[in-house]
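Coordinate analysis (summary)
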Amino acid sequence: MRTVAVALLLMLAACGGGSDPASEPTATPTKTTTKAPPKPTIAAPSGTPAPEALSQFLCAKDAKGDWNASGTISNAGKNKATFQVTVLVGEAAGSDEQAMTKQLSNIGAGGSATFALAKIPAPKAGGTCHVQVLRR
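Residues numbered from 1 in each chain as written. Predicted model: local features only at pLDDT ≥ 70, side-chain atom pairs only at ≥ 80, totals over all residues. Heavy atoms only, no water.

Side note on the overall build of the chain
As a reminder of what qualifies: Numbering of helices and strands starts at the N terminus; helices are DSSP runs of H or I of at least 4 residues and strands are runs of E of at least 2. Buried residues are those whose accessible area, probed at 1.4 Å on protein chains only, stays under 20% of the maximum for their type, while exposed residues exceed 50% and partly exposed ones sit between those limits. Should any heavy atoms of two residues lie within 4.5 Å, those residues are counted as being in contact.
Of regular secondary structure, the chain possesses one helix and seven strands. In the chain, the succession of helices and strands from N to C terminus is α-β-β-β-β-β-β-β. Burial status across the chain gives 21% buried among its 136 residues. At a minimum sequence separation of 6, the contacts of the chain that also span at least 24 residues come to 65%.

See below:
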């Protein structure tokens, strides 16, 4: 019985060992084509983030179901500046929601300007209102 067990172990060891590289099948290279990543539909924002310039920000859905936003941008700098305010309703996760942008040009040093965005595009499910302020 012991001889049979040893013989069985030797046979299993022979099967589990490495094989001759020449007898292994060779992989055939396949031609794969990769699609270029999609191009953004809008230009990437440019400027310096300036969330501290925003005050009195309100963003809400009205009785008709439209999303509207308003607020004030203050220029604490020593020179005139242009600010860009972008509002997004939905998930800020890089998905396909559309945003609305407003430029506030030539706000004087120490000055401020109010803005209003009406009928901001929003997914049917709604979402959260997100705002970005850039000093340009």
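Structural notes on the side chain of Asn75
Position of Asn75 among the secondary structure elements: in the loop between strand S3 (67-74) and strand S4 (81-90). Overall, Asn75 belongs to the buried group, its relative accessible area being 1%. Those residues in contact with Asn75 that lie beyond four places of it in its chain are Lys80, Ala81, Phe83, Ile107, Gly108, Ala109, Gly110, Gly111 and Arg135.

Focus: the environment of Asp62
For the record, the criterion: Polar contacts here mean pairs of N or O atoms no more than 3.5 Å apart (in protein, one a potential hydrogen donor and the other a potential acceptor; neighbouring residues in sequence count only if both atoms are side-chain atoms).
Positionally, Asp62 belongs in the loop between strand S2 (54-61) and S3. Taking relative accessible area as the criterion, Asp62 reaches 31% and is therefore assigned partly exposed. Put simply, Asp62 and Lys119 are 57 residues apart on the chain and 9.4 Å apart in space, counted from C-alpha to C-alpha. A polar contact is formed between the side chain of Asp62 and the side chain of Asn68, at a distance of 3.1 Å.

Some words on the pairing of S3
Convention followed: At least two DSSP bridges between two strands are required for those strands to pair.
Of the strand pairs in this sheet, S2 and S3 are connected by six bridges, and their pairing is antiparallel. Residue Ser55 lies in a different strand from S3, and its bridge partner there is Thr72. Taken together, S2 and the strand that follows it, S3, pair antiparallel across an intervening segment of five residues, in which Gly65 is found at a positive phi of about 95°. Across seven bridges, the pairing between S3 and strand S6 (residues 112-120) is antiparallel.

Brief notes about the confidence of the model for the chain
This is how the line gets drawn: pLDDT expresses how confident the predictor is about each individual residue, on a scale running from 0 to 100.
Summing up the model confidence of the chain, the mean pLDDT is 77 and the portion of residues at 70 or higher is 62%. Across residues 1-18, where pLDDT falls below 50, the model places zero contacts with residues more than four positions away in sequence or in other chains.

Notes on the state of the cysteines
Selection rule: Count a disulfide wherever a pair of cysteine sulfur atoms falls within 2.5 Å.
If you walk through the whole model with that rule in mind, you get one disulfide. Disulfide pairing is shown between Cys59 and Cys129; the S-S distance is 1.9 Å. Measuring handedness by torsion sign, the sulfur bridge of Cys59 and Cys129 sits at about 85° and is right-handed. Within this pair, whereas Cys59 is found in strand S2, its partner Cys129 is found in strand S7 (residues 128-135), the two being separated by 70 residues in sequence.

Digging into the sheet that holds S2
Keep this limit in mind: Lines fitted to C-alpha atoms define the axes here, with helix axes fitted over just the stretch in contact, and angles between the N-to-C directions of these axes take values from 0 to 180 degrees.
The sheet built from three strands is open, its strands ordered S2-S3-S6 with antiparallel pairing. Whereas interior strands pair on both sides, the edge strands pair on one side only; in this sheet they are S2 and S6. For this sheet, the mean inter-axis angle between neighbouring strands, taken without regard to orientation, is 10°.

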